[in-house]
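# Coordinates in review
Spelled out from the first residue to the last, the chains are:
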Amino acid sequence: MIQMVALDKIHASTYNPRKSDPKRLDLLELSLRKLGFVSPIVVDQGGEIISGHQRSYVASRMGVKMVPVAIIPRMTLDERKSLNIVFNRATNDLKRNDTCQTVKEYISQYDVEAMAKDLPDLTPDTPEFYPCMHTKTGDSFELLKKNAGKRNQYATNMYGSLARKKVELPTVVDEDDNVVNGIGRVDYYAQHNVRPIPICRITNAQAQFANLMLNYLTMDFDIQNRYADTLRH
């Protein structure tokens, strides 16, 4: 269940492997201004961020007071580190062979600032800024049928790792039920005969911009150093 909490009630982990990049942080701010929170920040019961470090940082510098969070049970440090690794791959629709460099090259082909100019700014701390707080129910079978060409077993497997930890994230779709972000979630639930799933609907005008921001705007990882012990295990 997603709930609104004060931003100052959650805190970053010390082990998050993403390395901040000023230019991409600016793009992330642009994403929040144009799309708002289409997916919650995931925290444990102690308020430690498991997924959403960069969004929480950017939201803070934007002056945002409240953020949507999904709270998961408290876990050991090793469990939190492992889940954080999964989140770094499971919240987008990347394929197994996608890397930080390949997605960076892909998004560089587009003028995302120009794409965003025609989209209205959303005002922080208003209902419109939090689309994930207004999810509807979609049918996983019907969504998968319509979006069969986007199926990606790697994304499905990665989301399965989250689902088994009782993490549920909304799938982002446009007005015509085209999946913009979360095809792995749709496929996972369809394979497990879970038909009603939460969807976050955006406008068709937002769809292309959202696809780039949600699937291809990613920070570089520093997994080898920050997760050395976990990876060895």
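The structure we're discussing is the one just above.
Residues numbered from 1 in each chain as written. Predicted model: local features only at pLDDT ≥ 70, side-chain atom pairs only at ≥ 80, totals over all residues. Heavy atoms only, no water.

Nonpolar side chains in soluble globular proteins generally cluster together in the buried interior. Ranked by internal contacts, the top residues of the largest apolar core, which has 40 residues, are I10, F37, I41, V67, F129, F209 and M213. Contributions of two or more residues to this core are made by β1 (2-6), α1 (22-35), β3 (41-44), α2 (53-61), β5 (66-72), α5 (112-116) and α9 (204-215). In contact with M213, not counting residues within four places along its chain, are L27, S31, L35, I107 and V112. Listed in part, the 28 residues of the second largest apolar core include I50, I72, L144 and I197. (Core = buried A, V, L, I, M, F, W, Y, C linked by side-chain atoms within 4.5 Å. Buried < 20%, exposed > 50% of the residue type's maximum accessible area, 1.4 Å probe, protein only. Helix = DSSP H or I, 4+ residues; strand = E, 2+ residues; numbered from the N terminus. Contact = heavy atoms within 4.5 Å.)

An α-helical turn contains 3.6 residues, so any two residues separated by three or four positions project in the same direction. Taking 1.5 Å of rise per residue, 14 residues should cover 20 Å, and helix α3 (residues 77-90) covers 20 Å from first to last C-alpha, within 8% of that figure. Those residues of α3 lying buried are R80, K81, L83, N84, V86, F87, N88, R89 and A90. (Expected span 1.5 Å × (residues − 1).)

A few words on the side chain of D93. Checked against the element boundaries, D93 lands in the loop between α3 and α4 (100-107). R185 provides the closest opposite charge to the buried, unpaired D93, separated from it by 5.4 Å. At 3.1 Å, the side chain of D93 and the backbone nitrogen of G182 are in polar contact. Residues within four places of D93 in sequence aside, it is in contact with N152, V180, N181, G182, I183, G184 and N215. (Lys, Arg positive; Asp, Glu negative; His and termini not counted. Salt bridge = Lys/Arg side-chain N within 4 Å of Asp/Glu carboxyl O. Polar contact = N/O pair within 3.5 Å; in protein donor to acceptor, adjacent residues only side chain to side chain.)

Moving on, we get to unusual backbone geometry. Not every positive phi belongs to a glycine, and D125 is a case in point at roughly 65 degrees. Summarising the element assignment, D125 is placed in the loop between α5 and β6 (136-139). Phi at D177 takes a positive value of approximately 65 degrees, unusual for a residue other than glycine. The topology assignment puts D177 in the loop between β7 (171-173) and β8 (179-181). For D177, a relative accessible area of 28% puts it in the partly exposed group.

Take it as geometry only, folks, not as evidence of what the structure does.
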